[in-house]
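The lines below spell out each chain.
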Amino acid sequence: MSGPIVEAVQKHPAPEGLIYTYGTAGFRTKADVLDSVLTRVGLVAALRSRSLKGKWIGVMITASHNPPEDNGVKLVEPLGNMLQEEWEVISTDMANKVSAEHVSKFYHDIAAQYRIDLETPARVVVARDTRASGARLLGCVMDGLKAAGAEVKDYGFLTTPQLHYMVRCLNTEDTKDAYGTPTENGYYEKFSHAFKVALKGKKPSGSLTVDCANGVGGPKLTELIKHLPPKEEALEIFVINDNVIKPESLNVECGADYVKTNQRAPPSSKAGAGDRCCSLDGDADRVVYYFKDMNNVFRLLDGDRIATLVASFLGDQIRQAGLADSIKIGVVQTAYANGAATQYVEQHLKLKVDCTPTGVKHLHHAAEKLDVGVYFEANGHGTVIFSDDTLETIAKYEPKSPGQKEALDVVHACIDLINQSVGDALSDMLLVEVVLAHKNWGPQEWLSTYTDLPNRLLKVIVNDRKIFKTTDAERRLVSPEGLQAQIDKEVQKVRQGRSFARASGTEDAVRVYAEAATKAEAEDLARKVAELVK
Ligand code: 16G
Ligand code: ZN
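From a predicted model like this one, the values you see are computed outputs, not experimental measurements. (Residues numbered from 1 in each chain as written. Chains lettered and ligands numbered in written order. Predicted model: local features only at pLDDT ≥ 70, side-chain atom pairs only at ≥ 80, totals over all residues. Heavy atoms only, no water.)

Attention now moves to the overall build of the protein chain. From N to C terminus, the protein chain includes 18 helices and 19 strands. Relative to the globule expectation of 24 Å for 534 residues, the C-alpha radius of gyration of the protein chain, 23 Å, shows essentially globular dimensions. The C-alpha extent of the protein chain, read off along each of the three principal axes, is 70 × 55 × 45 Å. When the 64 basic and 72 acidic side-chain charges of the protein chain are each reduced to a single mean position, those positions are 2 Å apart. (Helix = DSSP H or I, 4+ residues; strand = E, 2+ residues; numbered from the N terminus. Rg over C-alpha atoms; globule rule 2.2 N^0.38 Å. Lys, Arg positive; Asp, Glu negative; His and termini not counted. Charge placed at Lys NZ, Arg CZ, Asp CG, Glu CD.)

Below you can see the structure in the form of C-alpha cells.
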C-alpha cells in the first residue's frame, strides 16, 4: 500500500510498546513520544470535519498545567465544545495503530462506517501554546492534515479558549448565531468591549496582579490590556510570570495549578496584603484568585468561589431586570466542590446544584440543560452558558422601568463577556472584576460570603487504578467491593465529614478527597481513607 497517508505516517513512526489514550483533556504525555500521535490526530480531525460536511474542527497543541517537557493535543467541535465521545474512541484507536498500512486502512474503514464522503472538503484550525516542542508537533499534525487533503488555518500561538473561540466564529460566520470575528483582534475587541459595557462606569477597586504561568496567557493578556479602557477609568493590571522566551519556566513555581495545589502564591509575586491576585494555567483556560489577608495569611478564592460570586450576581441582575420567573439559574459542580460552597448555593442563593464527574465536558453537558448554567471545577476550569431559549427570552424582553433596563443591559454585556464556547481564564477574570466592581467588594468581602470546610486531597499510588469504579458522580465506589462501606464508616466518625476516592484520569493514581469540621479531622479522614484504598 502507498499514497500520501502511508507516507505521512511513515515519516513519524510510533514508538514501540506505548499505548495512548484520548483522556479527559485529549492526549497528554512526554512530548518526545507524541509525533506519531499528532500525525494520526491530523487524519482524525480531517475525518471529523468531513463527517460534519466540512465544518471547521479545532486542533489545540498544549499540555495545559503539565511540566514543560510534556505536551498534548485535543480536538474541538464546531461550536467550540470538547470532542464527541464516539470520536474520542476513534482517536484512541487511531493513535494506537502502529503500521502505516493499518493507519491508512483504519482511516478508510472509519470513512466507510460513518458514510463519510472523502471528497467533501475538510477544514481544520490549529494553534499551540508556547512549549518548545510545539513547533515540531505542529509539523507532525500538518503532515497528517496535508495527507488527508484538509484545508488548514494555522493561528500560531493562542490560548486554548482563543482557539475554541476561532472555531466557533468560523462555523457561525454569516449566520444569525455569528459569534464574532475569527481573528485575534476580533477576540480582544469582543471581550474588551463587553467588559467596558458591563462595568457601567463602575471602577474595580485597587489593582489586579495576574500570574500567567510563563505561558501563552502572558503575551495574550498583554495584547488584551491594550484594548481595555485606560487604567484611570477601569482596571489596573500588573502582569507577572509572562516569560515565554524561556519555555523551561512554564508552570514552574507559578500558575493556577501551583497555587491551588500548594495553597500559596507564586514566590515571585510581590503583591501586598489585601491586593487582588489571580493565576492562569499554562494555556489560560483556568483561573483562581487569591490574596494575603491583614494577618498576611494566604487566602484562596478558587473555582467554587467564582461560581458562587457569578451565580449570585447574575441571579440579582436577572431578578432586577424582571426576568426571575422565566429564567432559572443553576450551578454545576463536581465532588471536589467544598461542601460549604454547595450549601451556600442551595441554602443562601436558593439555586439548584448539579454534581457531575470530573472533567469539563461533563460539567458543560449538564450546564447545557439549564437556562443559565454556571459551571466551575474547584481548580478554576469553568464558564457560564445561556441556553438558546434563554437568549431568545432576553433578546425579546422589554424592560418596564429604567432600573429593569439597567439590569438588562448588564445581563446582555455579561453574555458577550463570557466565552460561551469554553471556560476561558481571561474572560472569567474580566467577569469576576465586573462583579466585584458592581458589588463594590474587595477580596475580603468576597471571601466572607461563606467559610470553606477544611479539606485534604491525597494522591495514592495503587497497583491497578482501573479497579476503582465509581457511581453517583464519582462520589461512591462500586468496586472494589466493600470498600465504600469501610469509607462510610470512617466518614461517620468525624463531624461534617465527607470523603471519596476516584481513579485519576490524567495520572496513574487514585485521588482521595476528605473534608470535615476541623483541619485535624479532615486530614485524619483523608489519611484513613488513603490507607483503605492502598
Ligand atoms: C483534566 C480536565 C480537568 C480535570 C482534570 C482532573 C479538561 C479540559 N481538563 O485536566 O477538567 O479537573 O483533568 O484530573 O477537562 P484527574 O482526573 O487527574 O483528577
Ligand atoms: Zn489548561
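We now examine helix H6 (residues 160-172). An α-helix turns once per 3.6 residues; consequently, residues spaced three or four apart project the same way. Taking 1.5 Å per residue as the helical rise, H6 with its 13 residues ought to reach 18 Å, and the 19 Å between its terminal C-alpha atoms agrees with that figure. Among the 13 residues of H6, 13 are classified as buried, and the element is accordingly described as predominantly covered. Positive backbone phi, at 60°, marks aspartate 174, one or two positions downstream of H6. (Expected span 1.5 Å × (residues − 1). Buried < 20%, exposed > 50% of the residue type's maximum accessible area, 1.4 Å probe, protein only.)

What follows covers the packing of helix H10 (residues 303-320) against helix H15 (residues 425-439). For any two helices packed against each other, the geometry comes down to the angle between their axes and how far apart the axes lie. Running from N to C, H10 and H15 cross one another at 60°; their axes reach a closest spacing of 10 Å. Overall, the two elements H10 and H15 adopt an arrangement that is oblique. In this structure, H10 meets H15 at a crossing whose hand is left-handed. Facing H10, whose interface residues are Ile306, Leu309, Val310, Ser312, Phe313 and Asp316, H15 presents Leu431, Val432, Val435, Leu436, His438 and Lys439. Residue composition of the contact of H10 with H15, grouped by class: eight nonpolar, two polar and two charged. (Axes fitted to C-alpha atoms, helices over the stretch in contact; angles between N-to-C directions. Parallel < 35°, antiparallel > 145°, perpendicular 65-115°, else oblique. Left-handed = near helix turned anticlockwise from the far one by under 90°. Contact = heavy atoms within 4.5 Å. Nonpolar A, V, L, I, M, F, W, Y, C, P; charged D, E, K, R; others polar.)

Tallied over the full model, the rule gives two cavities of 30 Å³ or more. The calculated volume of the largest cavity comes to roughly 50 Å³. Tyr22, Gly23, Thr24, Ala25, Gly26, Lys74, Leu75, Met82, Leu83, Glu88 and Lys361 together form the lining of the largest cavity. In the lining of the largest cavity, the residues fall into five nonpolar, three polar and three charged. Empty space within the second largest cavity amounts to approximately 30 Å³. Along its surface, the second largest cavity is lined by Thr308, Leu309, Ser312, Tyr344, Trp441, Trp446 and Thr449. If one sorts the elements of the lining of the second largest cavity by residue count, H10 sits on top with three residues. Residues of the lining of the second largest cavity, tallied by class, amount to four nonpolar, three polar and no charged. (1 Å grid on protein atoms, 1.4 Å probe; cavity = no way out; pocket = protein on both sides within 12 Å on 5 of 7 lines; lining within 4 Å. Points joined across faces, edges and corners; volume = space filled by probe spheres on them.)

Attention shifts here to the domain arrangement of the protein chain. Split by domain assignment, the protein chain resolves into domain 1 (4-157), domain 2 (186-301), domain 3 (303-425) and domain 4 (455-533). One C-alpha centre belongs to domain 2, the other to domain 3; they are set 22 Å apart. Together domain 2 and domain 3 conceal approximately 1,600 Å² of surface at their shared face, both sides included; 62% is due to carbon and sulfur atoms. Area buried by domain 2 at its contact with domain 3 is led by Phe191, Lys200 and Arg286, which between them contribute 29% of it. At the boundary of domain 2 with domain 3, the tally comes to one salt bridge. (Domains from an automatic or database assignment. Buried area = accessible area lost by both parts, 1.4 Å probe. Salt bridge = Lys/Arg side-chain N within 4 Å of Asp/Glu carboxyl O.)

Every one of the 14 residues lining ligand 1 counts as a neighbour, but Glu377, Ser504, Gly505, Thr506 and Arg511 are closest to it. The contact in question runs from an oxygen atom of ligand 1 to an N or O atom on the backbone of glycine 505, over 2.6 Å. Within the side chain of threonine 506, an N or O atom sits 2.4 Å from an oxygen atom of ligand 1. Burial of ligand 1 by the protein amounts to 93% of the accessible area it has alone, namely 460 Å². Its residues assigned to classes, the shell around ligand 1 comprises three nonpolar, eight polar and three charged. (Near = heavy atom within 4 Å. Polar contact = N/O pair within 3.5 Å; in protein donor to acceptor, adjacent residues only side chain to side chain. Areas by Shrake-Rupley, 256 points an atom, 1.4 Å probe, with all protein chains shown as cover.)

Turning to the coordination of the zinc ion (ligand 2), a few remarks are in order. Those donors, Ser64 (OG), Asp281 (OD), Asp283 (OD) and Asp285 (OD), are the protein atoms that reach the zinc ion (ligand 2), and they lie 2.0 to 2.1 Å from it. Taken together, the four donor atoms surrounding the zinc ion (ligand 2) define angles of 85 to 169° at the centre, an arrangement classified as irregular. The motif formed by the donor residues of the zinc ion (ligand 2), counted along the single chain, is S-x216-D-x1-D-x1-D. Of this pair, serine 64 sits in the loop between strand E2 (56-61) and strand E3 (70-76) while aspartate 281 sits in the loop between strand E8 (276-280) and strand E9 (287-292); the two residues are 217 residues apart in sequence, bridging distant segments of the chain. For the pair serine 64 and aspartate 281, a shared accessibility class is recorded, and that class is buried. (Donors = N, O, S within 2.8 Å, 3.2 Å for Na, K, Ca; no water. Tetrahedral: all angles 85-135°; square planar, octahedral: opposite > 155°, others 65-115°.)

A few words now on the sheet that holds strand E10 (residues 298-301). The strand order across the open sheet formed by five strands is E7-E6-E8-E9-E10, and the pairing between neighbours is mixed. Looking at strand neighbours, the two that pair on one side only are strand E7 (236-240) and E10, the edges of this open sheet. For this sheet, the mean angle separating the axes of adjacent strands, direction not counted, is 25°. (Pairing = 2+ DSSP bridges.)

We now examine the environment of valine 512. Looking at the secondary structure, you find valine 512 in strand E19 (residues 510-515). You can call valine 512 buried: its relative accessible area is 0%. With 501 residues separating them in the primary sequence, valine 512 and lysine 11 have C-alpha atoms 43 Å apart.

Time to look at unusual backbone geometry. Note the cis peptide between serine 479 and proline 480, where omega equals 0°. One can find proline 480 in the loop between strand E17 (476-479) and helix H17 (483-492). Positive phi values are uncommon outside glycine, yet serine 64 reaches one of about 50°. Looking at serine 64, the relative accessible area reads 2%, which means it is buried. At asparagine 440, a position not held by glycine, the phi torsion is positive, near 55°. Its location among the elements puts asparagine 440 in the loop between H15 and helix H16 (443-447). According to the relative accessible area criterion, asparagine 440 is exposed, its value standing at 63%.

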